[in-house]
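# What the coordinates show
Each chain, written out:
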Amino acid sequence: MRKIKSPELFRLLKDFLTVYLPMIRKKSDNTVSSYRIAMNLYLTYIQESQRKQLPDVIAADFNQKNILGFMNWLANNRKNEVSTINQRLSHIRGFCKYMMKNDFISYLELNDIAEIAKIPDIRKNEIVYLTIQDMQLVLKQPNLSKKTGIRDKFYIALLYDSGCRDQEILDLKIKDFVITKNGEADLHVVGKGNKYRVTPITEDVVKLFRDYCNIYHPNADSDKNAFLFYTVRNGITAQMSDDNVQRFLKAYELSAKVKNTELPHLHPHLFRATRAMHLYMAGVPLALISEWLGHSKIETTTIYASATTEMKRKAVEKLILDNKSVFDKDVIFKYADNDEILKRLYGLK
């Protein structure tokens, strides 16, 4: 076994991820996971750019020059969005601060790292979402003759229909997709800040759920606590990662752009924003949309969620009755030309 050149660095990294962030700073599991992904990516970059093996990485590899190179690598090699690159930068900085507090790097070295500016995100001045036709086009991309195609279509449809964040979908268990006696369905979601909400799911997506479970969860009734979306590698079953989602969205973006070169870049949050925009243009009240997306500041309880679920279900029924659904053909939406409302809806206000 190869000897680790700086075991103290790796012990510090473990303490940062398993003790400091979750126990001292009280960061959520999703936040800690985001830090862990950033650290793994940075270590991968250092190995590739410095031609090192993992045991050879040392504290001195965390410096301004390498972090700038890491940001370029994320942009050019991994094709990450500006927001993702800036988030990775923030997470690496956080670990560097922790390193400085523990005398692994100097204050001057940390100051050099702190001076690295975030990349300006011009998209913040734009409202980007998919039209109904765009959304229909994307849903047609998965090859339903393949198992993965059935999975991917269900994932995209559920991401859009629920308005959930990507990680909220990845964290779902089978038991969270509840089909009622009358054939309707509710999605039980635990979002940011461990806030609980219930969102109604349309019949079209319920059908996709059944088709998906027939293949991926044939014993769903006895396996309620299993992750709804998973992958199997080397015989090991694990929760599906956001990297896996990015991979198939990239493939479908390329195939969809053959028919529509103006299609926006596909990323998970785009479907959340698209759902919000479609609901708003269909006349759903903004306050209800905010609660739908988990933006409500009111403490959510099971009783409160049950009461609002019926309101949201009626909103979905109105959407369907008015033929305002991406799962139907020839859909026409009434566009509300109100930039202030749209910016608030899209999180710009």
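In this report, the structure presented in the accompanying data block is examined. Predicted model, so just to flag it, every value in this text is computed and none were measured. (Residues numbered from 1 in each chain as written. Predicted model: local features only at pLDDT ≥ 70, side-chain atom pairs only at ≥ 80, totals over all residues. Heavy atoms only, no water.)

### Observations regarding the overall build of the chain
Across its full length, the chain carries 14 helices and five strands. When the 349 residues of the chain are sorted by exposure, 46% land in the buried category. Residue pairs in contact within the chain that sit at least 24 positions apart in sequence constitute 65% of those at least 6 positions apart. Roughly 19,000 Å² of accessible area belongs to the chain as shown, and the carbon and sulfur atoms make up 51% of that amount. (Helix = DSSP H or I, 4+ residues; strand = E, 2+ residues; numbered from the N terminus. Buried < 20%, exposed > 50% of the residue type's maximum accessible area, 1.4 Å probe, protein only. Contact = heavy atoms within 4.5 Å. Areas by Shrake-Rupley, 256 points an atom, 1.4 Å probe, with all protein chains shown as cover.)

### With respect to the pattern of salt bridges
A complete count under the given rule lists nine salt bridges for this structure. In this structure, Lys52 and Asp61 form a salt bridge, with 2.8 Å as the shortest nitrogen-oxygen distance. The salt bridge partner of Glu253 is Lys257, with a shortest N-O separation of 3.0 Å. For Lys257, a relative accessible area of 27% gives the class partly exposed. It is possible to trace a salt-bridge network through shared partners that takes in Arg165, Glu168 and Arg197. (Salt bridge = Lys/Arg side-chain N within 4 Å of Asp/Glu carboxyl O.)

### Thoughts on the side chain of Thr274
Its location among the elements puts Thr274 in helix α11 (residues 268-281). Note on Thr274: relative accessible area 0%, which makes it buried. Discounting residues that sit within four places of it in the chain, Thr274 has contacts with Tyr129, Leu130 and Tyr160.

### Let's talk about the packing of helix α1 (residues 7-24) against helix α2 (residues 29-50)
The geometry of α1 relative to α2 is characterised by a closest axis approach of 10 Å and an angle of 165 degrees between their N-to-C directions. Relative to α2, the element α1 is oriented roughly antiparallel. Taken as a pair, α1 and α2 cross one another with a handedness that is right-handed. Between α1 and α2, the contacting residues are Leu13, Phe16, Leu17, Leu21 and Pro22 on the first element and Val32, Tyr35, Arg36, Met39 and Leu43 on the second. Looking at side-chain class alone, the contact of α1 with α2 contains nine nonpolar, no polar and one charged residues. (Axes fitted to C-alpha atoms, helices over the stretch in contact; angles between N-to-C directions. Parallel < 35°, antiparallel > 145°, perpendicular 65-115°, else oblique. Left-handed = near helix turned anticlockwise from the far one by under 90°. Nonpolar A, V, L, I, M, F, W, Y, C, P; charged D, E, K, R; others polar.)

### Overview of the environment of Gln167
With respect to the helices and strands, the residue Gln167 is situated in helix α8 (residues 166-170). Separated by 74 residues in the primary sequence, Gln167 and Ser241 have C-alpha atoms spaced 8.7 Å apart. Not counting chain neighbours up to four residues away, the residues in contact with Gln167 comprise Asn30 and Gln239.

### Structural notes on the packing of aromatic side chains
Ring pairs (aromatic) are described by centroid distance and by the angle formed between their planes. Using the criterion set out here, one finds 22 aromatic pairs in the structure. Here the aromatic rings of Phe248 and Tyr252 are separated by 6.1 Å at their centres, their planes lie at 50 degrees, and the arrangement is tilted. One end of the pair is Phe248 and the other is Tyr252, both in helix α10 (residues 242-256) and four residues apart, which spans about a single turn. Like Phe248, the residue Tyr252 is buried in the burial classification. Among the aromatic residues, those joined into a ring-pair cluster are Phe16, Tyr20, Tyr35, Tyr42, Tyr45, Phe62, Phe70, Trp73, Phe95 and Tyr98. (Phe/Tyr/Trp six-rings, centres within 6.5 Å; stacked < 30°, edge-to-face > 60°.)

### Looking at the pairing of strand β5 (residues 236-239)
Two elements, strand β4 (residues 230-233) and β5, share four bridges in a ladder whose sense is antiparallel. Along β5, the bridge assignment pairs Arg233 with Ile236. Joining the antiparallel neighbours β4 and β5 is a turn of two residues, in which Asn234 adopts a positive phi near 55 degrees. (Pairing = 2+ DSSP bridges.)

### Digging into the nonpolar core
Soluble globular proteins tend to pack their nonpolar side chains together in the buried interior. Within the largest apolar cluster, 46 residues are counted, with the highest numbers of intra-cluster contacts made by Phe154, Leu158 and Phe271. Mapped onto this core, the elements with two or more residues apiece are α6 (132-139), α7 (147-162), α8, β2 (185-190), α9 (203-216), α10 and α11. Sequence-distant contacts of Leu158, defined by excluding residues within four places in its chain, comprise Gly163, Ile169, Leu172, Phe177, Leu187, Ile201, Val205, Leu228 and Phe229. Formed by 34 residues, the second largest nonpolar core is a distinct cluster that contains Leu21, Leu43, Met71 and Ile113. (Core = buried A, V, L, I, M, F, W, Y, C linked by side-chain atoms within 4.5 Å.)

### Quick notes on the environment of Leu270
Structurally, the position occupied by Leu270 is in helix α11. When its relative accessible area of 0% is taken as the criterion, Leu270 is described as buried. Leu270 sits 142 residues away from Val128 along the chain, and the two C-alpha atoms are 7.4 Å apart. Leu270 has contacts with Val128, Tyr129, Leu130, Pro264 and His265, leaving out every residue within four places of it along the chain.

### Section: empty space enclosed by the protein
Summed over all chains, the structure comprises two cavities of 30 Å³ or more. As a volume, the second largest cavity reaches approximately 30 Å³. Around the second largest cavity, the lining residues are Leu9, Phe10, Leu13, Leu43, Phe62 and Phe95. Residue contributions to the lining of the second largest cavity peak at three residues, all from α1. (1 Å grid on protein atoms, 1.4 Å probe; cavity = no way out; pocket = protein on both sides within 12 Å on 5 of 7 lines; lining within 4 Å. Points joined across faces, edges and corners; volume = space filled by probe spheres on them.)

### Regarding the sheet that holds strand β1 (residues 177-179)
Within a beta sheet, neighbouring strands are joined by backbone hydrogen bonds and run either parallel or antiparallel to one another. Pairing is antiparallel across the open sheet formed by three strands, whose spatial order is β1-β2-β3. Sheet topology places β1 and β3 (196-201) at the edges, where each strand pairs with a single neighbour. Strand-to-strand twist of the sheet, defined as the mean angle between neighbouring strand axes without regard to direction, takes the value 25 degrees.

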